[in-house]
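Chain residues, written in single-letter form:
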Amino acid sequence: MEEVTEAVGNITIAGGAAGAGGDAEAHKKNRIQVSNTKKPLFFYVNLAKRYMQLHNEVELSALGMAIATVVTVAEILKNNGLAVEKKIITSTVDVKDDSRSHPIQKAKIEMLLGKTDKFDELMAAATEEREAAEAEEQS
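Everything quoted here is computed from the prediction, not taken from an experiment. (Residues numbered from 1 in each chain as written. Predicted model: local features only at pLDDT ≥ 70, side-chain atom pairs only at ≥ 80, totals over all residues. Heavy atoms only, no water.)

**A few points about the sheet that holds strand 2 (residues 57–63)**
Strand pairing in a sheet takes place through backbone hydrogen bonds and is either antiparallel or parallel in direction. Sheet architecture is open: four strands sit in the order 1-2-4-3, paired in mixed fashion. Strand pairing shows two members of the sheet lacking a second neighbour, strand 1 (31–33) and strand 3 (83–95), which therefore form its edges. The sheet shows a mean angle of 20 degrees between the axes of neighbouring strands, taken without regard to direction. Where strand 1 lies against strand 2, three bridges are found, and the strand directions are parallel. In the sheet register, isoleucine 32 faces strand 2, and the bridge partner there is leucine 60. (Pairing = 2+ DSSP bridges. Helix = DSSP H or I, 4+ residues; strand = E, 2+ residues; numbered from the N terminus. Axes fitted to C-alpha atoms, helices over the stretch in contact; angles between N-to-C directions.)

This is the structure:
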């Protein structure tokens, strides 16, 4: 798994945000690299909500088997009216494997999601519900 993380860290993307200089740094601040083994699904859902609150959009990125997790997170956010798809990029990347002499290819997805018009309203309503439930619990 370390080699996958290392490979993701070493990936450079031609064109798009990477070619924009200063914008590339801002772009990385809202990127979530998703794993299907390290964290539960709703960790990524909640993290994506937080990133959208801070940056107005979030980029979900994954390799191999974790691609299904990215798609699931995106669908949860879309179905709850919180996000819209802005861009989806698929590709393959070479990942070094110490047990083999040649690198193996892994599928990669990058999905850019933006806030919906009702995002702030829905998040405020969810916060109110949570606070009301906590107050009821304490009384």
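Following the structure, the description resumes.
**Digging into the nonpolar core**
Ranked by internal contacts, the top residues of the largest apolar core, which has 23 residues, are Leu60, Leu77 and Leu113. Contributions of two or more residues to this core are made by helix 3 (41–55), strand 2, helix 4 (67–79), strand 4 (104–115) and helix 5 (119–138). Take this core: its biggest share by element is six residues, from helix 4. Here leucine 60 is in contact with Ile32, Val34, Ala48, Val70, Val73, Ala74, Ile109, Glu110, Met111 and Leu113, once residues within four sequence places are set aside. (Core = buried A, V, L, I, M, F, W, Y, C linked by side-chain atoms within 4.5 Å. Buried < 20%, exposed > 50% of the residue type's maximum accessible area, 1.4 Å probe, protein only. Contact = heavy atoms within 4.5 Å.)

**What about helix 4?**
Taking 1.5 Å as the rise per residue, helix 4 with 13 residues should run 18 Å; its terminal C-alpha atoms sit 18 Å apart, in good agreement. Among the residues of helix 4, those classed as buried are Ile67, Thr69, Val70, Val73, Ala74, Ile76 and Leu77. Looking at the buried side of helix 4, the elements it contacts are helix 3, strand 2, strand 3 and strand 4. Residue glycine 81 follows helix 4 closely and has a positive phi angle near 75 degrees. (Expected span 1.5 Å × (residues − 1).)

**So, helix 3**
Between its terminal C-alpha atoms helix 3 stretches 21 Å, which fits the 21 Å expected from 15 residues at 1.5 Å a residue. When helix 3 is considered as a whole, its buried residues turn out to be Tyr44, Val45, Ala48 and Met52. Buried positions in helix 3, seen along its axis, are confined to an arc of 105 degrees and lie on one side of it. Looking at the buried positions of helix 3, the neighbouring elements they touch are strand 1, strand 2, helix 4, strand 3, strand 4 and helix 5. (Arc of directions from axis to C-beta.)

**Structural notes on the confidence of the model for the protein chain**
Per-residue pLDDT for the protein chain has a mean of 82; in total, 81% of the residues score no lower than 70. Between the elements of the protein chain, mean pLDDT differs from a low of 43, seen in helix 1 (residues 2–9), to a high of 96, seen in strand 2. Scored below 50 in pLDDT, residues 1–27 shows 25 contacts in the model against residues more than four places distant or in partner chains. (pLDDT = per-residue confidence, 0-100.)

**Brief notes about the pattern of salt bridges**
In total, this model carries eight salt bridges according to the counting rule given. Note that glutamate 110 is salt-bridged to arginine 31, the shortest N-O span being 2.9 Å. A residue pair is termed long-range when its members are at least 10 positions apart, and glutamate 110 in strand 4 and arginine 31 in strand 1 qualify at 79 residues. Assigned by exposure class, glutamate 110 and arginine 31 land together as buried. A salt bridge links aspartate 97 to arginine 100; the nearest nitrogen and oxygen atoms lie 3.9 Å apart. Residues joined in a network through salt bridges with shared partners are Arg31, Glu59, Lys108 and Glu110. (Salt bridge = Lys/Arg side-chain N within 4 Å of Asp/Glu carboxyl O.)

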